[in-house]
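Fold and geometry: a report
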Amino acid sequence: MQIPLRQYWALLAGYLKPQRPRVVVLAMLIFGGIGLQLVNPQILRYFIDTAKSGGALYDLVAAAALFLGVAIAQQLMTVAATYAGENVAWTATNLLRADLAAHCLRLDMSFHKARTPGELIERIDGDVNALSNFFSQFVIGLLSNFILLVGVLALLFHEDWRIGAGLGAFAVVGLLVLIRIRGFAVPYWDAVRERSAGFFGFLGEQLAGTEDVRASGATGFVMRRFYALLRAWLPVQIRAGLAGSTMWSSTIGVFAVGNAIAFALGAYLYRAGAITIGTVYLIFYYTELLRRPIEQFRNQLQDLQKASASIGRIQALFDARSKIVDGEGATLPAGPLSVEFQGVSFGYDDELVLRDVIFHLRPGTVLGLLGRTGSGKTTLARLLLRLYDPCQGDVRVADVSVRSTRLHDLRRHVGMVTQDVQLFNATVRDNLAFFNPSISDDRIVEVLHNLGLGAWYSTLPRGLDTELEAGGGLSAGEAQLLAFVRLFLADPGLVILDEATSRLDPATEQLIERAVGKLLHNRTGIIIAHRLPTVERADEILILDDGQILEHGRRAELAADPASHFAGLLRTGLHEVLA
């Protein structure tokens, strides 16, 4: 995978620019440390030459004290640079994670249906983690190591041109070798990231379905699949490690040549009387110092190989576009909303789920939506919320096409309660108000009591500030009631209840009946149901069969017509026929 340089730069600039002061401080610390690294060998040479020539003890002590002071200052700068670099890296990667998460949340449901939550977590967290060093050290690290390299060679040339030329050739050859093999391991690291995403996607699915896995006795199958994925991952990881080690083994050979050059030049010039013993030590010290930037180049290029794979996958995620495009901004009115389907057809894949659906629902009307499993009832609700767009036809709410209104405005006016209720690791207040601070505590408490949850609320140790875990430790009925509270607080003009009372026991269902009546008062409602009692409050009945409207009319008129399909369902038992 060849990533264009402009793509690296765009990523760096985009996430480092907001941290410009921190980056400047980091650069100053790194460059200051470089200066101190270049000074200390000069102090050591002075100390050795002074000691060999029988210099004064005071001069030796002063040189030793200065050496220690510079060494301590260098270490302090290194620690400070590491701290600043980690701050820069974490801030940048957290911003990138936030952008990726927000982008994924804007993508349509077809994107999420095609990918597991574990796979997306690995993209948002795992791939971004691989860029930590890229953000904190790459550009500044390359620049600082280049300056250190140039500084060392300049000082060596200053000592003797033969030393500078010999070790300069060593440095150039070493860098050329590293640059030559830079992209060798990128495809291997890309394969590692793919295996990692697949593994975590599988793991997330199985952990989410632990109850079903255990109940069906499928634990053995899951573990076999678990080990199979790990076995498939291991050789890919080994190949990537071996490919990455080509840099390490190449630099080892280059360093061996560099040390040989330093030994030969030092011995030759010392015997010729051209340099002192202190300068010989200086050559070896600078040779080791020269080794550091080349090693850093190697490490940074290895990180770049890993980063290249992650950057490619991250960019591919950013390039994914939602099939749902936000509308131009047509507004929806307050109060009950009309609903109209104009020749709507829709399919998730190639097979149509809805076929040429045409109906109109007046504002304030409650529609009972019936049909067998797979007939398209829930799909119809998803089209109203614009989780999907129809393949043909148009869906209109309050005489406004849902394609022309803002998604935020549409979902503020259309509310839905399903069988499955998602609770968050947050306070009761945030779980009920969906993190909307404009909803007052008094209003939340009023709705809780109105829905018969006053006794439950009184048991909360910290009231609305009580933290709920995902799942909340609540019964299915309590969780369903909380979903109704959310809908009351949102106050939409169109309410969709998709089997919303199917998980309630008879006592709890009776408790909520009064609340549902209040919820549907002066609102348009669509009740998707299998059971007869659920649609008794409906004004109209619409029956779907195989994605088409089988029957639509006033409930009372259909019930009174012995030839109607609805009347037949009433005679045979609604739940039994539609299940």
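Preceding block: the structure.
A few points on the structure. Remember, predicted model here, so these are calculated numbers, not experimental data.

**Things to note about the overall build of the protein chain**
When helices and strands are counted, the protein chain shows 21 helices and 12 strands. Across the 579 residues in the protein chain, those meeting the buried criterion constitute 47%. Pairs at least 24 apart in sequence give 78% of the contacts found in the protein chain among residues at least 6 apart. Carbon and sulfur atoms provide 59% of the accessible area of the protein chain, an area that totals close to 28600 Å².

**Digging into the packing of helix α15 (residues 441-450) against helix α17 (residues 476-490)**
Contact geometry of α15 with α17 gives a least axis separation of 10 Å together with a crossing angle of 130°. Overall, the two elements α15 and α17 adopt an arrangement that is oblique. Of the two possible hands of crossing, α15 and α17 adopt the one that is right-handed. Facing R443, I444, V447 and L448 of α15, the residues of α17 in contact are L482, V485, F488 and L489.

**A word on the pairing of strand β10 (residues 524-528)**
Burial analysis of β10 places 5 of its 5 residues in the buried class, the great majority of the element. One ladder, built from 4 bridges, connects strand β3 (residues 366-371) with β10; its direction is parallel. Within β10, the residue paired with L367 across the bridge is I526. Where strand β9 (residues 494-498) meets β10, 5 bridges bridge the pair, whose relative direction is parallel.

**Some points on the pattern of salt bridges**
The tally for this structure, following the rule as stated, stands at 13 salt bridges. Between R362 and E540 there is a salt bridge; the shortest N-O distance is 3.8 Å. Of the two residues, R362 is situated in the loop between β2 (354-361) and β3 and E540 in strand β11 (residues 540-545); the sequence distance between them amounts to 178 residues. Classification of R362 as partly exposed rests on a relative accessible area of 43%. Put simply, R412 and D409 hold a salt bridge, and the shortest N to O gap is 2.7 Å. Of the two residues, R412 and D409 are both situated in helix α13 (residues 407-413); the distance of 3 residues between them amounts to about one turn of the helix.

**Some remarks on the nonpolar core**
Residues L96, L100, L131, F135, V152, L167 and L290 are the most contacted members of the largest nonpolar core, which totals 51 residues. Of all elements in the fold, only α1 (5-16), α2 (20-52), α3 (57-106), α5 (117-129), α6 (132-159), α7 (161-180), α10 (219-271) and α11 (277-319) reach the threshold of two or more residues within this core. With 13 residues, α11 is the largest single contributor of residues to this core. Those residues within four positions of V152 in sequence are excluded, and the remaining contacts are L38, Y286, L289 and L290. Among the nonpolar cores identified, the runner-up in size contains 42 residues, and V447, L468, A483 and L520 belong to it.

**Here we look at the environment of L95**
Inspection of the secondary structure puts L95 in helix α3. For L95, a relative accessible area of 35% gives the class partly exposed. For the pair L95 and Y15, spaced 80 residues apart in sequence, the C-alpha separation works out to 7.2 Å.

**Re the sheet that holds β11**
Read across the open sheet, the 6 strands follow the order β6-β9-β10-β3-β11-β12; overall the sheet is mixed. Of all the strands in the sheet, the pair left with one neighbour each is β6 (414-417) and β12 (548-554). Averaged over all neighbouring strand pairs, the angle between strand axes comes to 15°, with direction disregarded. Sheet topology note: the β6/β9 ladder contains 4 bridges and is parallel.

**Observations regarding unusual backbone geometry**
Located in the positive-phi region is D356, a residue other than glycine, with phi close to 50°. With respect to the helices and strands, the residue D356 is situated in strand β2. Residues other than glycine seldom take positive phi values, yet D399 does so here, at roughly 65°. Among the structural elements, D399 can be located in the loop between β4 (392-397) and β5 (400-401).

Cut-offs used in this document
Residues numbered from 1 in each chain as written. Predicted model: local features only at pLDDT ≥ 70, side-chain atom pairs only at ≥ 80, totals over all residues. Heavy atoms only, no water. Helix = DSSP H or I, 4+ residues; strand = E, 2+ residues; numbered from the N terminus. Buried < 20%, exposed > 50% of the residue type's maximum accessible area, 1.4 Å probe, protein only. Contact = heavy atoms within 4.5 Å. Areas by Shrake-Rupley, 256 points an atom, 1.4 Å probe, with all protein chains shown as cover. Axes fitted to C-alpha atoms, helices over the stretch in contact; angles between N-to-C directions. Parallel < 35°, antiparallel > 145°, perpendicular 65-115°, else oblique. Left-handed = near helix turned anticlockwise from the far one by under 90°. Pairing = 2+ DSSP bridges. Salt bridge = Lys/Arg side-chain N within 4 Å of Asp/Glu carboxyl O. Core = buried A, V, L, I, M, F, W, Y, C linked by side-chain atoms within 4.5 Å.

Interpretation in functional terms is not warranted from these geometric data alone.
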